[in-house]
Amino acid sequence: RGGAELIRCELGRLFEVARYVMVQVHPEAFTDLPDDQVFAQRLLKEEAVFVLPGAAFYAPNFFRVVFSGPEAKLNEAYDRIIEFCKRHAKTKTN
């Protein structure tokens, strides 16, 4: 998917109770998202997708995505994250 290259998914931890991944943010790739905290705040405001900024876990420029919800809702959220990234990218992608 175009736009997905603006963020990178790192191997997360799998637990019986919660599943999540840490996704790296590259602030230099965006026009107006200088760090993970702004990224998470703006994503929530613009796309109604909640992620936790990596700064909360001493992991700056990452955000945490929990994937323990219904698959259809998760796919919708992933599409919204990609569109958000495309909209804020310095170099526009397809």
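One can find the structure itself at the top, above this paragraph.
In short, a report on the structure.

How each quantity is defined
Residues numbered from 1 in each chain as written. Predicted model: local features only at pLDDT ≥ 70, side-chain atom pairs only at ≥ 80, totals over all residues. Heavy atoms only, no water. Phe/Tyr/Trp six-rings, centres within 6.5 Å; stacked < 30°, edge-to-face > 60°. Helix = DSSP H or I, 4+ residues; strand = E, 2+ residues; numbered from the N terminus. Buried < 20%, exposed > 50% of the residue type's maximum accessible area, 1.4 Å probe, protein only. Axes fitted to C-alpha atoms, helices over the stretch in contact; angles between N-to-C directions. Parallel < 35°, antiparallel > 145°, perpendicular 65-115°, else oblique. Left-handed = near helix turned anticlockwise from the far one by under 90°. Contact = heavy atoms within 4.5 Å. Nonpolar A, V, L, I, M, F, W, Y, C, P; charged D, E, K, R; others polar. Pairing = 2+ DSSP bridges. 1 Å grid on protein atoms, 1.4 Å probe; cavity = no way out; pocket = protein on both sides within 12 Å on 5 of 7 lines; lining within 4 Å. Points joined across faces, edges and corners; volume = space filled by probe spheres on them.

### Concerning the packing of aromatic side chains
In the structure shown here, the tally under the stated rule is three aromatic pairs. When the ring of phenylalanine 39 is compared with that of phenylalanine 63, the centres are 4.8 Å apart and the planes differ by 20°; the resulting orientation is stacked. Note that phenylalanine 39 is positioned in helix α1 (residues 36-47) and phenylalanine 63 in strand β4 (residues 62-66), a separation of 24 residues in sequence. With respect to burial, phenylalanine 39 and phenylalanine 63 carry one shared label: buried. Grouped by ring-pair contacts, the aromatic residues Phe30, Phe39, Phe63 and Phe84 constitute a single cluster.

### Overview of the environment of phenylalanine 63
By relative accessible area, which is 1% here, phenylalanine 63 ends up buried. Residues phenylalanine 63 and proline 53, spaced 10 residues apart in sequence, show a C-alpha to C-alpha distance of 4.4 Å.

### Digging into the packing of α1 against helix α2 (residues 71-88)
Contact geometry for α1 and α2: axes closest at 11 Å, N-to-C directions at 110°. In terms of orientation, α1 lies roughly perpendicular with respect to α2. Seen from above, α1 lies across α2 with right-handed handedness. For the pair α1 and α2, the contacting residues are Phe39, Arg42, Leu43, Glu46 and Glu47 in the first and Arg80, Ile81, Phe84, Cys85, Arg87 and His88 in the second. Classifying every residue of the contact of α1 with α2 by side-chain character gives five nonpolar, one polar and five charged.

### A word on the pairing of β4
For β4, the tally of buried residues reaches four of five residues, placing the bulk of the element in the interior. Sheet analysis places strand β2 (residues 20-25) next to β4, joined by five bridges and oriented antiparallel. The residue bridging methionine 22 from the neighbouring strand is arginine 64, located in β4. Bridge count for strand β3 (residues 52-53) against β4 is two bridges, and the pairing is antiparallel. Its bridge partner lying in β4, leucine 52 is registered against arginine 64.

### Observations concerning the layout of surface pockets
Size it by volume and the largest pocket reaches roughly 240 Å³. Taken together, 17 residues form the lining of the largest pocket, with Val49, Phe50, Lys73, Leu74 and Ala77 sitting closest to its centre. For the lining of the largest pocket, the secondary structure elements donating two or more residues are β4 and α2. Class assignment for the residues of the lining of the largest pocket results in 12 nonpolar, one polar and four charged.

Everything listed is a geometric property; what it means functionally is a separate question.
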